[in-house]
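Results of the structural survey
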Amino acid sequence: MTPLLPLEMELFHAVGRVVALTGFGGVNLPYMRKVVLIIALPLLVLPGLAQSRNCLRVMPIDEVARQAILIARVKVHKVEKARYRGEFLQLAVLYPVDVIEGDFTLKEINVLARSSVRCAEDNYVKEDEMLVFLEPQDSLFHTVNYQYGQFPIVGEIVKGWRDKANKPIDKPYAEVRREIQAWVTAAHTPKPEGEQPQPAKPVKPPEPRPQ
């Protein structure tokens, strides 16, 4: 009889009851291996998927705001398939609804998306309304921090906004806008120069004690 592999030995007890229910006469080894693999594959694949979704650093919102040159509430007008230098697979045309920071004269914004960067899931869907943080990509734009720099807006609620602990929350757009404006103002305000240090006063040496 062919010996069981280590993985099969680990999962043998988990499938013992299933095997026992197939009949009183026992089950041959090839069938048992099929059952083991059916149960084992999801267990092996799921950790890999979880790891792949977490391999991008989620930048804090204030850092995203500092890096972006255009911050705006937008509506996705159209999306097209694209092959941009092997780096992006989508071109989205966005119509600005409310520009918080950046060029207020823009009538449409061309954004490259669906990046080839590992774990990036930046994607735009026609007719969606979003809050986006963008940075230049040659003559176009791309999303800062990929999917972590775009936030769906449903009604007047920004979905998946991040709090001070960098945890996702839903928050009214008006409050989010005030937060962003505060960060932008702080980034543009020059830090006051520190006061010039005053020269230290000479220390008078102690007088000798009288003998």
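Residues numbered from 1 in each chain as written. Predicted model: local features only at pLDDT ≥ 70, side-chain atom pairs only at ≥ 80, totals over all residues. Heavy atoms only, no water.

1. A few points about the environment of Pro 96
Residue placement: Pro 96 occurs in strand S2 (residues 88-101). Here the alpha-carbon distance between Pro 96 and Val 76, two residues 20 residues apart in the chain, equals 8.9 Å. Aside from chain neighbours lying at most four places away, what touches Pro 96 is Arg 73, Val 74, Leu 106, Lys 107, Glu 108 and Ile 109. (Helix = DSSP H or I, 4+ residues; strand = E, 2+ residues; numbered from the N terminus. Contact = heavy atoms within 4.5 Å.)

2. Some points on the packing of aromatic side chains
Inspection of the entire model under this criterion finds five aromatic pairs. Ring plane angle 55° and centroid distance 6.5 Å describe the contact between Tyr 84 and Phe 88, whose orientation is recorded as tilted. Take Tyr 84: its relative accessible area is 18%, and that puts it in the buried class. Taken together, Phe 133, Phe 151, Trp 161 and Trp 183 form an aromatic cluster joined through their ring pairs. Over the ring of Tyr 173 we find Arg 73, and its NZ or CZ is 4.6 Å from the ring centre. (Phe/Tyr/Trp six-rings, centres within 6.5 Å; stacked < 30°, edge-to-face > 60°. Buried < 20%, exposed > 50% of the residue type's maximum accessible area, 1.4 Å probe, protein only. Lys NZ or Arg CZ within 6 Å of the ring centre and 35° of its normal.)

3. Describing the pattern of salt bridges
Under the counting rule described, the total for this entry stands at ten salt bridges. Arg 73 serves as the salt-bridge partner of Glu 129, at 2.6 Å between the closest nitrogen and oxygen. Residue Glu 129 is found in strand S4 (residues 129-137), and its partner Arg 73 is found in strand S1 (residues 70-84); the two are separated by 56 residues along the sequence. Classification of Arg 73 as buried rests on a relative accessible area of 7%. (Salt bridge = Lys/Arg side-chain N within 4 Å of Asp/Glu carboxyl O.)

4. Details of helix H4 (residues 173-188)
One turn of the α-helix equals 3.6 residues, which is why residues spaced by three or four share an orientation. Along its 16 residues, H4 runs 22 Å from first to last C-alpha, staying within 8% of the 22 Å computed at 1.5 Å per residue. Within H4, the full set of buried residues consists of Tyr 173, Val 176, Ile 180 and Val 184. Along the axis of H4, the buried positions cluster into a sector of 70°, meaning they face one direction only. Pointing more than 90 degrees away from the buried face of H4 are the exposed residues Arg 178 and Ala 186. If you follow the buried residues of H4, they end up packed against S1, S2, S4, strand S6 (150-154), strand S7 (157-162) and strand S8 (168-172). (Expected span 1.5 Å × (residues − 1). Arc of directions from axis to C-beta.)

5. Examining the nonpolar core
A general feature of soluble globular proteins is that nonpolar side chains tend to end up buried together. Counting residues in hydrophobic clusters, the biggest one holds 18 residues, and the most contacted among them are Ile 71, Leu 131, Phe 133, Phe 151, Val 158, Trp 161 and Ile 180. If you list the elements that add at least two residues to this core, you get helix H3 (61-67), S4, S6, S7 and H4. Beyond its immediate chain neighbours, meaning those up to four positions away, Phe 133 contacts Val 64, Ala 65, Ala 68, Leu 70, Ile 71, His 142, Thr 143, Val 144, Gly 149, Phe 151, Trp 161 and Ile 180. (Core = buried A, V, L, I, M, F, W, Y, C linked by side-chain atoms within 4.5 Å.)

6. So, the confidence of the model for the protein chain
When the pLDDT values of the protein chain are averaged, the result is 79; 65% of them are 70 or greater. Predicted confidence for residues 14-24 stays below pLDDT 50, and this span has seven contacts to residues more than four positions away or in other chains. Between residues 40-52, whose pLDDT stays under 50, and residues either more than four places distant or in other chains, the model counts six contacts. (pLDDT = per-residue confidence, 0-100.)

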